[in-house]
Number of protein chains: 2
Amino acid sequence: MREIFNQELEQVGTDLHRMSLLVIDAIENASTALQTADLQLAENVIRADEQIDEIERSLDEQCISLLARQAPVATDLRVVIAALRMSATIERMGDLARHIALVARGRYPEVAPAPSMREVFTEMGAAATKVAHQVSRLLETRDLELAAGVERDDDTLDALHKHTFTILLDPAVEMTRQQMVDGVLLGRYFERFGDHGVSVARRTSYLVTGDLSNSVAPLPERS
Amino acid sequence: MREIFNQELEQVGTDLHRMSLLVIDAIENASTALQTADLQLAENVIRADEQIDEIERSLDEQCISLLARQAPVATDLRVVIAALRMSATIERMGDLARHIALVARGRYPEVAPAPSMREVFTEMGAAATKVAHQVSRLLETRDLELAAGVERDDDTLDALHKHTFTILLDPAVEMTRQQMVDGVLLGRYFERFGDHGVSVARRTSYLVTGDLSNSVAPLPERS
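About the criteria used
Residues numbered from 1 in each chain as written. Chains lettered and ligands numbered in written order. Predicted model: local features only at pLDDT ≥ 70, side-chain atom pairs only at ≥ 80, totals over all residues. Heavy atoms only, no water. Helix = DSSP H or I, 4+ residues; strand = E, 2+ residues; numbered from the N terminus. Rg over C-alpha atoms; globule rule 2.2 N^0.38 Å. Buried < 20%, exposed > 50% of the residue type's maximum accessible area, 1.4 Å probe, protein only. Contact = heavy atoms within 4.5 Å. Areas by Shrake-Rupley, 256 points an atom, 1.4 Å probe, with all protein chains shown as cover. Lys, Arg positive; Asp, Glu negative; His and termini not counted. Charge placed at Lys NZ, Arg CZ, Asp CG, Glu CD. Least-squares fit on C-alpha atoms with pLDDT ≥ 70 in both. Salt bridge = Lys/Arg side-chain N within 4 Å of Asp/Glu carboxyl O. Polar contact = N/O pair within 3.5 Å; in protein donor to acceptor, adjacent residues only side chain to side chain. UniProt positions renumbered as here; feature names shortened; annotations may be inferred. Expected span 1.5 Å × (residues − 1). Core = buried A, V, L, I, M, F, W, Y, C linked by side-chain atoms within 4.5 Å. Axes fitted to C-alpha atoms, helices over the stretch in contact; angles between N-to-C directions. Parallel < 35°, antiparallel > 145°, perpendicular 65-115°, else oblique. Left-handed = near helix turned anticlockwise from the far one by under 90°. Nonpolar A, V, L, I, M, F, W, Y, C, P; charged D, E, K, R; others polar.

Novice: Tell me about the overall build of chain A, and name the residues and values.
Specialist: On a plain count of helices and strands, chain A comes out with six helices and zero strands. The linear arrangement of helices and strands in chain A, starting from the amino end, is α-α-α-α-α-α. For chain A, the C-alpha radius of gyration of 19 Å lies close to 17 Å, the compact-globule estimate for 223 residues. Summarising its shape, the C-alpha atoms of chain A cover approximately 65 × 35 × 25 Å along the three principal directions. Within chain A, the proportion of its 223 residues that are buried is 58%. Sequence-distant contacts in chain A: of pairs separated by 6 or more residues, those separated by 24 or more amount to 83%. For chain A, the exposed surface amounts to about 9100 Å²; the carbon and sulfur share of it is 52%. Between the mean site of the 23 positive side-chain charges and the mean site of the 36 negative ones, chain A shows a separation of 3 Å.

And the structure:
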């Protein structure tokens with residue numbers, strides 16, 4: 001019984017990691033597509049999101065089946081519940097990457113961000129990609145250094161997000177109304193991506209350290 | 001055993017409903033505060049969100065404890081998992097109402113939306129409030145007519161959200177940059193509020209009808 005549980009839990013872990021690898025590609029490619037107006041790359045991100053959704057559905061069923069057949073308690077139960085939640089969160093990270101790709105596709109053949117915002121979105125893309133890489137490694141290694149790294153990069157994303165508003169509200173910076181609208185949405189997508197990364201990092205930390213305070217509570221969203 | 005399970009499940013249902021009542025107040029008051037620049041009302045929404053978060057934490061613990069002690073299977077298991085997810089979703093609806101209140105507070109003593117956007121946000125506020133009312137009644141009565149109503153009001157929110165972009169992108173409509181930024185964010189908050197309402201409605205429908213297709217799958221977000 002215990003051995004089967006462990007095997008099945010390992011499969012859940014493998015699938016979560018597989019999702020996270022797809023999310024790395026998604027956010028990296030979405031960020032590149034945004035800066036280069038690469039329609040093909042944007043389409044790839046949009047299409048690839050279906051795969052992420054599919055793994056989530058399969059993970060849900062695996063977790064529910066595990067709960068039904070093995071009736072885990074204590075830590076084992078919390079691990080399964082955490083996996084269920086992490087899969088929803090990682091799926092959402094994929095959605096946000098797809099949203100960024102949709103903006104890139106929507107403005108093609110133009111580059112979506114206003115010239116004055118390209119740098120901040122390049123930096124947000126880099127920080128978000130770093131978040132995704134660290135989340136993925138964290139799921140694989142449980143190395144809590146990586147969880148701290150995710151928190152730091154999320155702070156970077158928050159600071160960059162604030163900076164987008166400084167640019168957007170500066171009357172000296174010229175941009176079209178479409179560029180303003182896109183600038184607000186893109187900033188929000190990248191910022192939320194970071195928040196979700198932190199959520200996964202905190203849940204993983206909790207599973208490693210057993211410290212409940214950061215994991216079961218909803219992640220307070222920075223406003 | 002069975003009786004205890006049913007009693008505890010009833011408590012979970014009561015708490016979910018209690019959360020949904022707080023969310024009705026939150027979205028209704030946030031929408032009013034937005035239109036009337038009512039600082040006090042906005043502050044109330046922001047403060048009241050803590051209560052919602054607290055019920056979510058308590059619900060999480062109740063559900064996990066239920067799973068550990070009762071090891072439910074089949075439908076019972078799915079009901080507990082659905083409750084766990086609905087509590088996270090309803091908590092998120094509270095967050096979005098708080099975000100709207102934060103915009104209202106941030107622009108005080110001005111009315112945040114540009115004059116040309118006040119009507120669309122009044123309508124979005126009314127539709128979102130209707131979603132919250134129906135979600136709450138649905139949790140209480142399991143009347144699937146209400147689930148269909150939530151879907152319809154979410155369609156209304158999506159249409160109104162599209163309309164915000166028509167106004168925002170119209171060069172003939174004068175607004176400040178701050179009003180543009182706020183207009184984009186507010187539209188997104190209301191639209192996401194509706195999406196989460198649909199998510200709760202679908203999960204409840206599933207619990208009533210047993211039709212899995214709409215409930216376990218992640219809600220595809222309209223873009």
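There is more to say after this.
Novice: Which residues make up the relation of the copies chain B and chain A, and what are the values?
Specialist: Of the two same-sequence chains, chain B is brought onto chain A (RMSD 0.0 Å, axial shift 0.0 Å) by a rotation of 180°. The superposition of one copy onto the other is thereby described by a two-fold rotation axis. Distance from the rotation axis, computed per C-alpha, reaches its smallest value in chain B at B:Ala71: 2.6 Å. The residues that chain B uses at the interface reappear at the interface of chain A in 100% of cases, marking a shared surface.

Novice: Pulling in residues and values, what's your account of the interface of chain B and chain A?
Specialist: With 42 residues of chain B at the contact, the number on the chain A side is 43 residues. Here chain B and chain A share four salt bridges between them. For A:Asp60, the salt bridge is made with B:Arg85, and the minimal N-O distance between the two is 2.9 Å. The tally of links between chain B and chain A comes to 10 residue pairs in polar contact (both at pLDDT 80 or more).

Novice: Tell me about the UniProt feature "domain: PhoU" (unreviewed entry) in chain A, and please be specific about residues and values.
Specialist: All names here are of chain A. According to UniProt, the positions carrying the feature "domain: PhoU" (unreviewed entry) are residues 16-101 and 122-203. From the first C-alpha to the last, residues 16-101 spans 23 Å; its make-up is 94% helix and 0% strand. Structurally, residues 122-203 comprises 89% helix and 0% strand, and the distance from its first C-alpha atom to its last is 28 Å.

Novice: Can you lay out the environment of A:Val80 for me, pointing to particular residues and giving the numbers?
Specialist: Along the polypeptide, A:Val80 turns up in helix H3 (residues 74-107). With relative accessibility at 0%, the residue A:Val80 sits in the buried group.

Novice: Before we move on, could you go through helix H1 (residues 2-36) of chain B and cite the residues and values that matter?
Specialist: The end-to-end C-alpha distance of H1(B), which contains 35 residues, comes to 51 Å, matching closely the 51 Å that a straight helix rising 1.5 Å per residue would cover. Of the residues flanking the end of H1(B), it is B:Ala37, one or two places downstream, whose phi is positive at about 50°.

Novice: With reference to specific residues and values, describe the nonpolar core.
Specialist: Grouped together as the largest cluster of nonpolar side chains are 148 residues, with contacts concentrated most on A:Leu34, A:Phe190, A:Phe193, B:Leu34, B:Phe190 and B:Phe193. What A:Phe193 contacts, discounting residues up to four positions off in sequence, is A:Val23, A:Ile27, A:Met93, A:Leu96, A:Ala128, A:Val131 and A:Ala132.

Novice: Please provide a residue-by-residue account of the side chain of B:Asp49, values included.
Specialist: Residues and elements named next belong to chain B. In this structure, Asp-49 sits in helix H2 (residues 39-70). For Asp-49, a relative accessible area of 3% translates into the label buried. Residues within four places of Asp-49 in sequence aside, it is in contact with Gly-94, Asp-95 and Arg-98.

Novice: So what's going on with the side chain of A:His196? Residues and values would help.
Specialist: Mapped onto the elements, A:His196 comes out in helix H6 (residues 177-209). Other than its neighbours up to four places away in sequence, A:His196 contacts A:Thr89, A:Arg92, A:Met93 and A:Leu96.

Novice: Break down the packing of helix H2 (residues 39-70) of chain A against H3(A) for me, citing the residues and quoting the values.
Specialist: All names here are of chain A. Axis separation between H2 and H3 bottoms out at 9 Å; the angle between their running directions is 165°. As judged from the angle between their axes, H2 and H3 are roughly antiparallel. Where H2 crosses over H3, the two elements pack in a sense that is left-handed. Each residue belonging to the contact of H2 with H3 can be placed in one class, and the counts come to 20 nonpolar, two polar and nine charged.

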